[in-house]
Amino acid sequence: MKQEPMMENLVNAYPYVFEIDGNLDRLIRSIELLSYVNPLNIEKEKHAFFASKYTQNPEFRYPKLKFDPYKLHRLFFSQRLERIKDEKLRTAYQEIIYYYSNMVQCIQTIGQKNRFHYNSLRVYGSPTEKDVENAKYILHFTDETQGPDMERKFTPLEAKEYFEEFASRYDFPLKIKYSTSIAADAMVSNATKTLLIKKNTKFSKNQLLTLANHEIGVHMVTTFNAQNQPLKIFSNGFPKNVETQEGLAVFSEYMSGALTLKRLKELSHRVLASDSLIKGYTFADTFDMIHSQYKLDRDTAFSITLRAHRGGGFTKDRLYLSGLRKIYKRYQQQKSMDILLSGKVSLDWEELIEHSLKIGLAVPNSYDNFAFQTNKNENKTLDFILNNLK
């Protein structure tokens, strides 16, 4: 935990850094994008879409905004960054303000089709030609035989018990809630430090291991490491942190022995679904590609399509595969992952975090990812694929 005298000395040494960091923290708290972009009526529209024989594009409803976008923009750009004397930190907070201003525009336009999609591109980018080639390369591999570990037979209550047992090795509090309005089967809410479990689904043994290492082993670990950092930006998230954080999370699946070819193909389908947005595909078009061309069952195809088309065109999912590629390459180079687990940080900001560590504005991690300690992957096909991604 933070030591009060040390914090007092830091605040005295960098008063304007802490002032602006604190101001931004108060502004950023209200704009967790995932809490706004997940539709409220998923099951109703899913039923209607299936009843229409996959022709009627869903009409999703979204949560109402709990903030004034214009006021938030004004407050972001009223920060007096010129008072920060450390040039690296001043430049960093300037980029942070631009990033979160774009995020506000993203949230402001949820449900407004192309307007949201273009704002999403500014925050998350679009799949590159290399991303699409990597996805298609993975999809060329023959499916593996599905063993009993892939059978969905565990209830949300059993999943909750599994996650609580998994998290017992840590001393941070694990809050778990059920939800009917999330696109994933489980996800972490960084703002509330809560693991959300989809209420109306079942889980396989492999999926429980996957989600535990992904959501708790990385997303919860970085949430609580960030909580112990002097600066709040470690909790709120540095620009472009999603690719690194999701890359770490899928790499945690790999190291724990949970990653499967099926899972890699799922990430590949997400890339192609994101790419379909650039091509102007409708929800029904993307679903048809995933369901008919790539032969996924209709529930899985709907979930992947939903993740890409929610809000009006959401490209976040393209980052999982490219993030895994970058983290795996780092692992091959035998580089430490510690800095990347220090909070919601990005590979792009590694130099700044090293600088912050030197001057005391960042501290060593309180929690580690246990999967990173020993490679339990025994699937040679996965190693072959990961070694050959471009």
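Structure report, in brief. This structure is a prediction, so every number in the text was calculated from the model and none was measured.

A look at helix α15 (residues 298-309)
Logical step 1: Taking 1.5 Å as the rise per residue, α15 with twelve residues should run 16 Å; its terminal C-alpha atoms sit 16 Å apart, in good agreement.
Logical step 2: In this structure, the buried side of α15 is in contact with α4 (42-51), α13 (261-278), α14 (283-293) and α16 (319-332).
Logical step 3: Between a side-chain oxygen at the N-terminus of α15 and the backbone nitrogen of Asp-299 the separation is 3.1 Å; the capping residue is Asp-297.
Logical step 4: Count one or two residues on from α15 and you reach Gly-311, which has phi positive near 80°.

So, α13
Logical step 1: For α13, spanning 18 residues, the distance from its first C-alpha to its last is 26 Å, which sits close to the expected 26 Å at 1.5 Å a residue.
Logical step 2: α13 sits mainly inside the fold: 15 of its 18 residues count as buried.
Logical step 3: Backbone geometry just after α13 places Gly-280 at a positive phi near 85°.

Some words on the pattern of salt bridges
Logical step 1: Applying the stated criterion across every chain, the model contains 18 salt bridges.
Logical step 2: Where Lys-279 meets Asp-275, a salt bridge forms, and the shortest distance between an N and an O atom there is 2.2 Å.
Logical step 3: Arg-307 is the salt-bridge partner of Asp-317, the closest N and O atoms lying 2.7 Å from each other. With Asp-317 in the loop between α15 and α16 and Arg-307 in helix α15, this residue pair connects regions lying ten residues apart in the sequence. We note that Asp-317, like Arg-307, is buried.
Logical step 4: Look at the salt bridges and you will find they share partners, linking Glu-253, Arg-263, Glu-266, Arg-270, Arg-307 and Asp-317 into a network.

Focus on the sheet that holds strand β2 (residues 186-189)
Logical step 1: Taken in spatial order, the three strands make up an open sheet running β1-β3-β2, and their pairing is mixed. For this open sheet the edge positions go to β1 (175-179) and β2, each flanked by a neighbour on one side alone. Neighbour-to-neighbour, the strand axes of this sheet turn through a mean angle of 30°, independent of strand direction.
Logical step 2: Both β2 and strand β3 (residues 194-198) contribute to a ladder of four bridges, which runs antiparallel. Its bridge partner lying in β3, Ser-189 is registered against Thr-194.
Logical step 3: Relative to the sheet, helix α10 (residues 205-227) contacts β2 and β3, its axis offset from that of β2 by approximately 5°.

The rules behind each value
- The written sequence of each chain sets the order in which its residues are numbered from 1.
- Owing to the predicted nature of the model, reporting of local features is limited to residues with pLDDT of at least 70; listing and counting of side-chain atom pairs is limited to 80 or more, with chain, interface and lining totals taken over all residues.
- Hydrogens are left out, water is left out, and the side-chain values use all remaining heavy atoms of the structure.
- Each helix is a run of DSSP H or I of at least 4 residues and each strand a run of E of at least 2, with the numbering of both proceeding from the N terminus.
- Here the expected length of a helix is defined as 1.5 Å per residue gap, with one fewer gap than residues.
- Only heavy atoms matter for contacts: two residues are in contact if any of them lie within 4.5 Å across the pair.
- Pairs of N or O atoms are called polar contacts if they sit within 3.5 Å, as long as, within protein, a hydrogen donor faces a hydrogen acceptor (for residues adjacent in sequence, only side-chain-to-side-chain pairs).
- Remark: exposure states derive from per-residue accessible area (1.4 Å probe, protein chains only) relative to the maximum for the residue type, with buried under 20%, exposed over 50%, and partly exposed in between.
- By salt bridge we mean one thing: a side-chain nitrogen of Lys or Arg within 4 Å of a carboxyl oxygen of Asp or Glu.
- Paired strands are those between which DSSP finds at least two bridges.
- For helices, the fitted axis covers only the stretch in contact; all axes are lines through C-alpha atoms, and the angles between them, taken along N-to-C directions, range from 0 to 180 degrees.

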